[in-house]
Amino acid sequence: MNIPATDLMTALRSGHSTSPRLTWYGPDAERVELSGRVLDNWVAKTSNLLQDELDAEPGMRLRLDLPAHWKSIIWALAAWQLGMEVVLGQGDADLLATSEPAAAEDGFDAVVAVPLPALAMRWPGDLPAGVLDYAAEVRSHGDVFMAHNDPDPGASAVRNSGGTAVRHEALLAEFAAGHEPGARLLVRADDGLESALANSLGAWKSDGSVVLVHGDVELTEKLLAAERIHGE
């Protein structure tokens with residue numbers, strides 16, 4: 001049974017699949033551009049890591065202790081494709097993906113360390129015992145995701161920082177922000193992960209694309225023109 005998240009991934013990898021869908025501007029002149037096909041590959045690899053290494057399945061909860069970042073969006077899409085609940089606040093969860101593993105609380109079935117630099121091939125330095133290194137593990141997983149179990153459309157897809165939940169069947173209708181068809185949308189990372197996710201889903205739902213910009217990056221006219229930012 002399909003849910004909106006799986007239909008969205010199908011659309012991203014099939015329609016204009018080589019066009020940019022997610023572009024990231026980060027510190028130290030970092031720029032990452034993901035086409036629909038490449039975005040889908042990253043999401044599939046991450047879903048396969050969740051399913052095959054961490055025994056994730058529909059209904060399980062994944063807390064994202066991550067800033068607004070292109071890898072955070074990958075993680076959310078991967079969880080939704082599996083039928084999991086993404087926890088954006090401090091609520092209880094089964095699994096934790098974090099950019100600060102040394103500060104991770106106890107009580108999770110598994111903790112995954114997510115290094116944020118785009119070219120990181122592994123976590124820089126030592127990790128706490130039992131913590132999985134996302135950068136070192138994700139590339140070995142398949143580019144195509146096949147779910148072992150059907151997701152439940154009526155189950156929770158996302159729980160925001162205030163504790164409000166949105167079901168999988170309503171993810172694009174109730175959680176995604178509304179945007180003009182085909183927008184090339186500027187999204188500011190300083191507005192937080194929840195905003196980045198809602199705006200990205202809204203842009204893609206309307207066959208658009210996203211330029212996600214870290215707060216340390218100056219939004220010059222040259223950058224905005226080069227990325228052809230348009231639409232709201």
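Keep in mind that what you see is a predicted model, and the values were worked out from it rather than measured. (Residues numbered from 1 in each chain as written. Predicted model: local features only at pLDDT ≥ 70, side-chain atom pairs only at ≥ 80, totals over all residues. Heavy atoms only, no water.)

J.: Would you explain the pairing of strand β3 (residues 61-65) in this entry?
T.: Along any regular strand the residues' side chains alternate between the sheet's two faces. For β3 and strand β4 (residues 85-87), the ladder comprises three bridges, and the chain directions are parallel. Bridging from a neighbouring strand, R63 pairs with V87 of β4. Traced from β3 through helix α3 (residues 70-82) to β4, the parallel crossover comes out right-handed. Bridge count between β3 and strand β5 (residues 95-98): four bridges; the pairing is parallel. (Pairing = 2+ DSSP bridges. Helix = DSSP H or I, 4+ residues; strand = E, 2+ residues; numbered from the N terminus. Right-handed = clockwise from strand over helix to strand, strands pointing away.)

J.: What is the right way to read helix α2 (residues 36-53) from this model?
T.: An α-helix turns once every 3.6 residues. As a result, residues three or four positions apart point the same way. Helix length check: α2, at 18 residues, gives a terminal C-alpha distance of 25 Å against a target of 26 Å (1.5 Å per residue), a fit within 8%. The buried fraction of α2 amounts to 13 of the 18 residues, a majority that puts the element mostly inside the structure. (Expected span 1.5 Å × (residues − 1). Buried < 20%, exposed > 50% of the residue type's maximum accessible area, 1.4 Å probe, protein only.)

J.: Where do I start with unusual backbone geometry in this structure?
T.: Phi is mostly negative for residues that are not glycine, and the peptide bonds are mostly trans. Even without being glycine, A29 reaches a positive phi, approximately 60°. Assignment of secondary structure puts A29 in the loop between β1 (20-26) and β2 (30-35). Note on A29: relative accessible area 76%, which makes it exposed. Backbone geometry places D55, a non-glycine residue, at a positive phi of 55°. Tracing the backbone shows D55 in the loop between α2 and β3. For D55, a relative accessible area of 57% corresponds to the exposed category.

J.: What is the right way to look at the packing of helix α1 (residues 4-14) against α3 in this model?
T.: Each packed pair of helices is defined by two parameters, the angle between the axes and the distance between the axes. For the pair α1 and α3, the least separation of the axes is 7 Å and the interaxial angle reads 120°. When the interaxial angle is binned, α1 and α3 end up oblique. Along this stretch, α1 crosses α3, giving a crossing that reads as left-handed. Contact residues: A5, T6, L8 and M9 in α1; L77, W80 and Q81 in α3. Tallied by class, residues from the contact of α1 with α3 come to five nonpolar, two polar and no charged. (Axes fitted to C-alpha atoms, helices over the stretch in contact; angles between N-to-C directions. Parallel < 35°, antiparallel > 145°, perpendicular 65-115°, else oblique. Left-handed = near helix turned anticlockwise from the far one by under 90°. Contact = heavy atoms within 4.5 Å. Nonpolar A, V, L, I, M, F, W, Y, C, P; charged D, E, K, R; others polar.)

J.: What am I meant to see in the sheet that holds β2 here?
T.: In any sheet, the strands associate via hydrogen bonds between backbone groups, in a parallel or an antiparallel arrangement. Read from one edge of the open sheet, four strands run β2-β1-β11-β10, paired in mixed fashion. Every other strand in the sheet has two partners, leaving β2 and β10 (184-188) as the edge strands with one partner each. Strand-to-strand twist across the sheet, computed as the mean angle between neighbouring axes with direction ignored, equals 15°. In this structure, β1 lies alongside β2, joined through six bridges in antiparallel fashion. Paired with Y25 across the strands is R31, a residue of β2. Contacts from helix α6 (residues 193-205) reach β1, β10 and β11 (209-213) within the one sheet, and its direction differs from that of β11 by about 155°.

Functional significance is not addressed by these values, which are geometric in nature.
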